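Residue strings, one per chain:
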Amino acid sequence: QNITIQNNLIIAVQNGVYLRGLATAQNNQNKGIIVRDNVIGATVNNFSAGNTATIGAANGNGIYINSAANVEIANNTITNANINSSNFRGIWLNHEGGAAGVALDSNIQVTGNTLDNFNVVSAGVTGIRVTLGSHTQPLRLLIANNSISRLASQNGQSVITGFAYPVGILIE
């Protein structure tokens, strides 16, 4: 509850920011989450000269938010996903492990983020992915003023149902 993650440099990890609320009963989700002004991945590695500071691994995420309400994800830079990654997502809003209609993920704003250079060798890559499940109440979700560029999946599929291709924003 009421968690702020702000002004951090996060490199060489599978998941930059990972917040997982409970989705097994109403009102168990994380509330009051702010993830703002962070750099996740970088073009310069301050710890190992000459090496790019990549992020990601199989199923990695720049920012992963699960079962949350009243969330602000703003002005973050997520860049340079590991070339050996598969199924990498820059920002993933998810409803995992709960009964349908229970988590009530609502009032989520994803604004002003820069997502760049996600190049994976297999499976898909997504700038922003939203998987919030079915709900009995209306959701409030704002995705605005984000910059998503240079997404590539070298061995992607041509079948849209496989999600093994580059997608800027995917809402399912």
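Residues numbered from 1 in each chain as written. Predicted model: local features only at pLDDT ≥ 70, side-chain atom pairs only at ≥ 80, totals over all residues. Heavy atoms only, no water.

1. Some words on the sheet that holds strand 10 (residues 108-111)
Worth spelling out the cut-off: A pair of strands is treated as paired once DSSP finds two or more bridges between them. Strands here are runs of E lasting at least two residues and helices are runs of H or I lasting at least four, both read from the DSSP assignment and numbered beginning at the N terminus. Think of each axis as a best-fit line through the C-alpha atoms, taken over the contacting stretch in the case of a helix, with angles from 0 to 180 degrees between the N-to-C directions.
In space, the five strands of this open sheet follow the order 1-4-7-10-13, with parallel pairing throughout. Each edge of the open sheet carries a strand with a single partner, namely strand 1 (3-6) and strand 13 (141-144). Here the strands of the sheet are splayed against their neighbours by 5° on average, with no regard to which way each runs.

2. A look at the pairing of strand 7 (residues 68-74)
Selection rule: Here the term buried applies to any residue with accessible area under 20% of the maximum for its type, exposed to any over 50%, and partly exposed to those in between, with areas from a 1.4 Å probe on protein chains only.
With five of seven residues buried, strand 7 lies mostly within the body of the structure. Judged from the four bridges that link them, strand 7 and strand 10 form a sheet pairing that is parallel. For Ile73, the partnering residue across the bridge sits in strand 10 and is Val110.

3. Let's talk about the confidence of the model for the protein
Threshold: pLDDT: the predictor's confidence for each residue, scored from 0 to 100.
The predicted model of the protein has a mean per-residue pLDDT of 80, with 72% of residues at 70 or higher. The element-level mean pLDDT for the protein is lowest in strand 12 (residues 122-131), coming to 84, with strand 1 highest at 96.

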